[in-house]
Amino acid sequence: MRRLFPVTDQTSGPRSGPTAPGAAGPSAETAPADGEWSLDELADAYAYPEGPAVWLRANMVSTLDGAAQHDGRSEPLSSTADMRVFGVLRGLADAVVVGAETVRREGYRPARAREAFAARRAAAGQGPAPAVVVVSAGLDLDLALPLFAEPLVPTLLVTGAGAPAERLAAARAAGVEVVLAGEGAAVEPARAVRVLADRGLRRLLTEGGPRLLGQFVADGVLDELCLTLAPMLAAGSAQRIAGGPSRAVPDRFVLASLLEEGGFLFARYHRGGHSAE
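Just so it is clear, the structure is predicted and the values come from calculations on it, not from any experiment. Think of each chain on its own: its residues are numbered from 1, step by step along the sequence as written. Local features in this predicted model are restricted to residues of pLDDT 70 or higher, and side-chain atom pairs are both shown and tallied only at a pLDDT of 80 or more, whereas totals for entire chains, interfaces and linings draw on every residue. The basis for every side-chain value is the complete set of non-hydrogen atoms in the structure, without hydrogens or water.

It is worth spelling out the side chain of Arg-57 at this point. Tracing the backbone shows Arg-57 in strand β2 (residues 55-63). On the accessibility criterion, Arg-57 (0% relative accessible area) is buried. Here a polar contact is taken to be a pair of N or O atoms separated by no more than 3.5 Å, where protein atoms must pair a possible hydrogen donor with a possible acceptor and residues adjacent in sequence count only if both atoms sit in side chains. Within polar-contact distance, the side chain of Arg-57 engages the backbone oxygen of Tyr-46 at 2.7 Å. The contact definition used throughout considers only heavy atoms, calling two residues in contact when any of these lie within 4.5 Å. When residues no more than four places from it in sequence are discounted, the contact partners of Arg-57 are Tyr-46, Ala-47, Tyr-48, Leu-89, Leu-92, Leu-204, Leu-205, Thr-206, Leu-222, Glu-224, Cys-226 and Arg-268. Each helix is a run of H or I in the DSSP string that is no shorter than four residues. Each strand is a run of E no shorter than two, and both are numbered from the N terminus. A 1.4 Å probe rolled over the protein chains alone gives each residue an accessible area, and that area as a share of the maximum for its type sets the label: buried under 20%, exposed over 50%, partly exposed in between.

Here it is, written out as structure tokens:
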């Protein structure tokens with residue numbers, strides 16, 4: 001893996017240049033060399049900022065022509081390096097926020113504890129693994145799945161107060177912790193972020209799907225986008241990484257860092273006006 005941005009006179013050399021203003025990551029003195037980065041080096045490069053009370057980061061993958069899925073799943077667009085970044089982002093998060101449709105399509109399982117992140121998580125006051133937070137209005141979920149029945153860290157189910165009463169009761173009867181973040185059936189994205197932060201879950205990672213990410217974008221609560229650009233063309237009618245309602249004026253994001261491996265690009269963008277420091 002090599003660092004393409006921030007750009008300095010050392011970028012094309014054996015070690016990467018210093019971090020750009022406002023971007024988290026190693027300096028010229030500590031940046032890893034080209035080649036396979038260790039998990040610790042990747043974790044340093046993707047570290048959450050210390051200052052904000054809550055930071056919502058998204059991790060998505062897209063083809064060159066904008067497809068976020070192939071045959072309804074994101075896995076065909078991934079790579080070994082992408083999965084390493086995926087694992088690191090999970091290893092740093094307090095909670096992984098995901099939509100119910102993505103849970104069903106991608107076959108979500110509980111997050112697992114990884115020895116490589118144990119000391120880092122303990123030092124940050126985190127549990128052994130991130131909690132998985134499932135966002136759903138209709139609560140059409142199989143509560144017998146390991147995600148709900150056998151998690152290392154209890155899975156949270158975020159919904160609205162107007163969600164189907166019988167499904168709310170079934171979830172609670174199954175021992176699933178339900179969090180309300182909306183007056184109707186639908187979840188209010190900004191309220192969901194606040195509710196999770198109030199529970200001590202401030203380092204948030206959303207893995208979509210596109211509809212949930214679109215809601216976070218439309219509500220103006222997304223702080224960072226980690227985007228893997230896959231060197232593939234898919235054509236077809238696959239979804240973009242974000243769908244749903246649009247913003248009146250598009251948000252401007254600022255490039256924080258750019259890595260490359262095997263033709264895959266790994267970009268980090270912060271919302272304009274945000275700093276990772």
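Attention now goes to the nonpolar core. Judged by nonpolar contacts, the single largest core of 28 residues is most densely connected at Val-158 and Ile-241. Within the residue set of this core, elements represented by two or more residues are β2, β3 (95-99), β4 (131-135), β5 (156-159), α7 (189-198), α8 (210-218) and β8 (224-230). The greatest single-element share of this core, amounting to four residues, is contributed by α7. Dropping the residues within four chain positions of it, Ile-241 is found in contact with Met-60, Val-61, Ser-62, Ala-68, Pro-210, Leu-213, Leu-225 and Leu-227. By nonpolar core we mean a set of buried residues, namely Ala, Val, Leu, Ile, Met, Phe, Trp, Tyr and Cys, connected to one another through side-chain atoms within 4.5 Å.

A separate point is the packing of helix α2 (residues 80-92) against helix α4 (residues 115-123). Each axis is a line fitted through C-alpha atoms, taken for helices only over the stretch in contact, and angles between the N-to-C directions span 0 to 180 degrees. Running from N to C, α2 and α4 cross one another at 30°; their axes reach a closest spacing of 9 Å. One finds that α2 runs roughly parallel with respect to α4. Relative to α4, the crossing made by α2 is right-handed. Residues Gly-87, Val-88, Arg-90, Gly-91 and Leu-92 of α2 form the contact with α4, whose own contacting residues are Phe-117, Arg-120 and Arg-121. Taken together, the residues that form the contact of α2 with α4 break down as three nonpolar, two polar and three charged. Comment on the angle field: the value is read as roughly parallel under 35 degrees, roughly antiparallel over 145, roughly perpendicular from 65 to 115, and oblique elsewhere. By convention, the crossing between two helices is left-handed when the near helix turns anticlockwise from the far helix through less than a right angle, and right-handed when the turn is clockwise. Note on residue classes: Ala, Val, Leu, Ile, Met, Phe, Trp, Tyr, Cys and Pro are nonpolar, Asp, Glu, Lys and Arg are charged, and everything else, Gly too, is polar.

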